[in-house]
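Notes for the structure review
Chain by chain, the residues run as shown.
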Amino acid sequence: MFSIPNLFTLLRLLLAPVVIRAILHGDHRLALAVFALAALTDAVDGALARRFRWITVTGAYLDPIADKVLLSGVYLALGLTGTLPWWFVGLIFGRDALILLGGAIALFFTGYRKFEPSVWGKLSTTFQAFTGVWWMVRNVLEVPMADAVGQVLIWPTAAATAWSGLHYGWRMLRAARTH
C-alpha cells in the first residue's frame, strides 16, 4: 500500500544514486546537498507516518531499506574515491552482512522474523550517518582541521558498528533458541 510517507521513502531511494554518482565524480557540494535533501525525506516520512497514523507494512519494510541503500552507497563511494579507508567501509558492510545472514539463518531454521532495532543499532547508525556527512563536508571544505576531525570520528563509529553487530548476533542467537 502506498501513502504519502512511502512516496518520500521512494524519493530517498531515487536520490541515493544521485548522491553516490556525485561523490564518485567529485561533485562534493552536490553530493552534500542531495544527501541533505534525502535526510529531509527521512525526517518527513517518519513525522507524517506517526502524526497521521499513515504507517503501512510497505513503509515498515521500505524505510530501513532506503536508509541502508543511501548510507551504504555513501560509504562505498567514499571508499572508492579513497576518502575513507577500506577496512572501515568493510567493517560497516561486514556488520550489515552479519545481521542479514543471521536473520536469514534464524528465519530458515525457526521461522522467526521479528528483529526489532536495538539501541546499539540505532547508535551505530547515528554514528555512521554523522561520520559519513562529516566526510562529505570535509570533501567540500578541504581544510586540514576537517580531515583531522574526520579521522577521529572513524574510531567511535567503528566501535559502535562492531559492538552493534555483536549485539545483534547475540540477540539473534537468543531469539533462535527460544523460538
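Residues numbered from 1 in each chain as written. Predicted model: local features only at pLDDT ≥ 70, side-chain atom pairs only at ≥ 80, totals over all residues. Heavy atoms only, no water.

**Remarks on unusual backbone geometry**
Positive phi is not limited to glycine here, since Arg-53 has a value of about 55°. Mapped onto the secondary structure, Arg-53 falls in the loop between helix H2 (28–52) and helix H3 (57–80). You will see that Glu-142, though not glycine, has its phi angle at about 50°, which is positive. Here Glu-142 shows up in the loop between helix H5 (119–141) and helix H6 (144–178). (Helix = DSSP H or I, 4+ residues; strand = E, 2+ residues; numbered from the N terminus.)

**Here we look at the pattern of salt bridges**
One pass over the full model with this rule turns up 7 salt bridges. Asp-63 is paired through a salt bridge with Arg-12; the nearest N and O atoms lie 2.5 Å apart. Residue Asp-63 is found in helix H3, and its partner Arg-12 is found in helix H1 (residues 4–24); the two are separated by 51 residues along the sequence. Ionic pairing is found between Asp-96 and Arg-95, a salt bridge with its closest N-O pair at 2.8 Å. When its relative accessible area of 10% is taken as the criterion, Asp-96 is described as buried. Judged by its relative accessible area of 7%, Arg-95 is buried. Look at the salt bridges and you will find they share partners, linking Arg-12, Asp-42, Asp-45, Asp-63 and Asp-67 into a network. (Salt bridge = Lys/Arg side-chain N within 4 Å of Asp/Glu carboxyl O. Buried < 20%, exposed > 50% of the residue type's maximum accessible area, 1.4 Å probe, protein only.)

**Concerning the nonpolar core**
Counting 23 residues, the largest nonpolar core has Val-19, Ile-23, Val-74, Leu-84, Phe-88 and Met-136 as the members making the most contacts within it. For this core, the elements supplying multiple residues, two or more each, are H1, H2, H3, helix H4 (86–110), H5 and H6. When residues in this core are grouped by element, the largest group, 6 residues, is from H3. (Core = buried A, V, L, I, M, F, W, Y, C linked by side-chain atoms within 4.5 Å.)

**Describing a nonpolar patch on the surface**
Together, Leu-24, Leu-76, Leu-80, Trp-86 and Phe-93 line one region of the surface with nonpolar side chains, adding up to about 480 Å² of accessible area. Of all the secondary-structure elements, those providing two or more residues to the nonpolar patch are H3 and H4. Mapped onto the secondary structure, Phe-93 falls in helix H4. Here Phe-93 falls in the partly exposed class, since its relative accessible area comes to 33%. (Patch = residues over 30% accessible without salt bridge, like charges linked within 9 Å, V, L, I, M, F, W, Y side chains within 5 Å. Areas by Shrake-Rupley, 256 points an atom, 1.4 Å probe, with all protein chains shown as cover.)

**Considerations on the packing of H5 against H6**
Two elements in contact, H5 and H6, have axes separated by 8 Å at closest approach and are oriented at 160°. The angle between H5 and H6 places the two elements in the roughly antiparallel class. Viewed along their axes, H5 and H6 form a crossing whose handedness is left-handed. Residues that form the contact of H5 with H6 fall into these classes: 14 nonpolar, 10 polar and 2 charged. (Axes fitted to C-alpha atoms, helices over the stretch in contact; angles between N-to-C directions. Parallel < 35°, antiparallel > 145°, perpendicular 65-115°, else oblique. Left-handed = near helix turned anticlockwise from the far one by under 90°. Nonpolar A, V, L, I, M, F, W, Y, C, P; charged D, E, K, R; others polar.)

**Details of the layout of surface pockets**
In this approach, a probe sized like a water molecule rolls over the atoms, and the result shows the empty space that is left. One number sums up the size of the largest pocket: a volume of about 1800 Å³. As for the largest pocket, its lining consists of 39 residues, of which Ala-60, Asp-63, Pro-64, Ile-65 and Pro-117 are closest to the centre. When contributions to the lining of the largest pocket are tallied by element, the ones reaching two or more residues are H2, H3, H4, H5 and H6. The biggest single contributor to the lining of the largest pocket is H3, with 11 residues. Here the residues of the lining of the largest pocket sort into 23 nonpolar, 5 polar and 11 charged. Of the volumes computed, that of the second largest pocket is approximately 210 Å³. Taken together, 13 residues line the second largest pocket, and the ones lying closest to its centre are Asp-45, Gly-46, Ala-49, Ile-55 and Gly-59. Secondary structure elements with two or more residues in the lining of the second largest pocket: H1, H2 and H3. The leading source of residues in the lining of the second largest pocket is H2, at 4 residues. (1 Å grid on protein atoms, 1.4 Å probe; cavity = no way out; pocket = protein on both sides within 12 Å on 5 of 7 lines; lining within 4 Å. Points joined across faces, edges and corners; volume = space filled by probe spheres on them.)

Honestly, that's just the spatial picture; any functional story needs more than this.
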